[in-house]
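The primary structure of each chain is shown beneath.
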Amino acid sequence: MLNSVTRQYVKEHALDDVRQLALHGSKDPLVDMPLALQQIQGWQAARRKLPSWADIDGILYPPHLNMEQCSSEQTARYKAQVIDDLQIDDLLIDLTGGFGVDFAFMSEGFEQAIYVEQNPELYNIAKANFATLGLANVETVCGDGVDFLHRFDGHASLIFIDPARRDSHGQRTFGIGDCTPDVLPLMDELLAKADHVLLKLSPMLDWRKAISDVGREHVEQVHIVAVAGECKELLLLLSLQGTPHPTLTCANDDSKEVFMLDRTGGTTGTTVAIGAHCFLYEPNAALMKAGVFAQLAGRYDVRQLAPNSHLFTSEGLVEHFPGRTFRMVAVSTMNKKELKQKVLPLGQANISVRNFPMSVAELRGRLKLGEGGSNYLFATTLATGERVIIVCQSITR
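Residues numbered from 1 in each chain as written. Predicted model: local features only at pLDDT ≥ 70, side-chain atom pairs only at ≥ 80, totals over all residues. Heavy atoms only, no water.

*Asks:* So what about the layout of surface pockets? Which residues, and what values?
*Replies:* Picture a little ball the size of a water molecule; that probe, rolled over the atoms, points out where space is still empty. A volume near 300 Å³ is recorded for the second largest pocket. Lining the second largest pocket are 14 residues, and of these Val10, Lys11, Trp43, Asp57 and Gly58 sit closest to its centre. Those elements that provide at least two residues to the lining of the second largest pocket are α1 (4-12) and α3 (33-49). Considering only residue class, the lining of the second largest pocket consists of nine nonpolar, two polar and three charged. (1 Å grid on protein atoms, 1.4 Å probe; cavity = no way out; pocket = protein on both sides within 12 Å on 5 of 7 lines; lining within 4 Å. Points joined across faces, edges and corners; volume = space filled by probe spheres on them. Helix = DSSP H or I, 4+ residues; strand = E, 2+ residues; numbered from the N terminus. Nonpolar A, V, L, I, M, F, W, Y, C, P; charged D, E, K, R; others polar.)

And the structure:
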């Protein structure tokens, strides 16, 4: 796809500013500038997102939007591990192949893997990359994934599907039925043609609604995957019969918490007055998304500060709480005199708000505090309805 002159140009300018390259162009007419810029921009993104691919000569990169939408190496490896734990290895089918990152990592454990992608440009890029990666067990199909599913008359170990989360006008969507393809009308066929179905959904979607939409009886596992403090994916592992004991896994970088699904949906727990507790805990992003606060409190013997604060406290230090840990220094009401004594002298602080009627920017402006430093402020509402600011110091582990 790249002629030798364009390939050399990409190598020579790989670290350069793409905007400046686009502005100045190339004096050599044999350089395909649009393609060269696409490859340089893609490689620069891959250094952060797909480091093992960025180290391989000959990997081709798609247009910017596709590069931004593709899975990171970290989340792709996570999915591969989920599948590996199932101990299945016959046939994988990816009905929505895209750039092929998920497929490449998931396919390694299978005797045969079929990649399906309807966009010819993405298809050609992925097919070339699979060859560069040395994936010998793969078959590539350029076509519509739903049509392929209808024609498929065999049985797969696992079907993977990642519906596009944009409508026909390019607007971002979140609901399962609003994505393309809409997998809900396909569920019976998917479950009949595979032992397992792995469905990748928007991290914005509530997991309880997701399992209700696809059919609670088919759910085996739910995974909420966060990277660097940001939720990236919601994964549902489904099968025709489901399981009597489905699990919810909250994965945040190297941390993983597994819960039995609460089929009643209850997540409330005990709340506590703040005065007697001297440690504060903020759950990681995956746990915050999951909303399993009562289960978390029971597992780590901590107390919820208030039903909607999503902060926890304890008298003694909990060494391995999955999230950030702080030592409480002071607690101030919003009374001006108390704020002047306990908060304003800090000069600067990192501020978070939880169930509080002001934004971080509004509160910072009112307190006239600079950003950063070693102090952390949590503005929140207690179970009594009182609004307070908790002054903390971070505990590094």
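*Asks:* Go over the packing of aromatic side chains with me, naming the residues and quoting the values.
*Replies:* Here the structure, examined in full by the defined rule, presents 14 aromatic pairs. Between Tyr300 and Phe321, the ring centres sit 5.6 Å apart and the planes meet at 65°, which makes this aromatic pair edge-to-face. Residue Tyr300 is located in helix α13 (residues 293-300), and its partner Phe321 is located in the loop between β12 (312-314) and β13 (323-333); the two are separated by 21 residues in the primary sequence. The exposure classification of Tyr300 matches that of Phe321, with both residues buried. Centre to centre, the rings of Phe326 and Tyr376 are 5.1 Å apart; their planes meet at 55°, and the pair counts as tilted. Here Tyr376 lies in strand β15 (residues 370-381) and Phe326 lies in strand β13, a separation of 50 residues in the sequence. Phe326 sits in the buried class, given a relative accessible area of 1%. Grouping aromatic residues by their ring pairs yields a cluster made of Tyr281, Phe293, Tyr300, Phe312 and Phe321. For Arg299, the ring lying beneath its charged end belongs to Phe259, and the centroid distance is 4.3 Å. (Phe/Tyr/Trp six-rings, centres within 6.5 Å; stacked < 30°, edge-to-face > 60°. Buried < 20%, exposed > 50% of the residue type's maximum accessible area, 1.4 Å probe, protein only. Lys NZ or Arg CZ within 6 Å of the ring centre and 35° of its normal.)

*Asks:* Tell me what's going on with the environment of His320, and back it up with residues and numbers.
*Replies:* In this structure, His320 sits in the loop between β12 and β13. On a C-alpha basis, the gap between His320 and Ser255 in space is 10.0 Å, while along the polypeptide they are 65 residues apart.

*Asks:* Describe α3, naming the residues involved and giving the relevant values.
*Replies:* Over its 17 residues, α3 runs 24 Å from end to end, which matches the ideal 24 Å to within 8%, given 1.5 Å per residue. Along α3, the positions that sit buried rather than exposed are Met33, Leu35, Ala36, Leu37, Gln38, Gln39, Ile40, Gly42, Ala45, Ala46 and Lys49. Buried residues along α3 sit in contact with α1, α2 (18-24), α4 (51-54), α5 (64-69), α6 (73-86) and α8 (120-133). (Expected span 1.5 Å × (residues − 1). Contact = heavy atoms within 4.5 Å.)

*Asks:* Pulling in residues and values, what's your account of the sheet that holds strand β1 (residues 91-94)?
*Replies:* Spatially, the nine strands line up as an open sheet ordered β3-β2-β1-β4-β5-β7-β6-β8-β9, and their pairing is mixed. This sheet does not close on itself; its edge strands, each paired only once, are β3 (138-142) and β9 (255-260). Recorded for the sheet is a direction-independent mean angle of 15° between the axes of neighbouring strands. Here six bridges tie strand β8 (residues 247-252) to β9, and the two strands are oriented antiparallel to one another. Bridged to Thr249 within β9 is Val258. Its contacts with the sheet place α8 against β2 (112-117) and β3, and it is angled at close to 165° to β3. (Pairing = 2+ DSSP bridges. Axes fitted to C-alpha atoms, helices over the stretch in contact; angles between N-to-C directions.)

*Asks:* Outline the pattern of salt bridges, listing residues and values.
*Replies:* One pass over the structure, following the stated rule, counts 15 salt bridges. The salt bridge partner of Lys79 is Asp102, with a shortest N-O separation of 3.0 Å. Here the residue Lys79 occupies a position in helix α6, and Asp102 occupies one in helix α7 (residues 101-106), the gap between them amounting to 23 residues. A relative accessible area of 0% places Lys79 in the buried class. According to the relative accessible area criterion, Asp102 is buried, its value standing at 7%. One salt bridge in this structure joins Asp206 and Arg208, with 3.9 Å as the shortest N-O distance. (Salt bridge = Lys/Arg side-chain N within 4 Å of Asp/Glu carboxyl O.)

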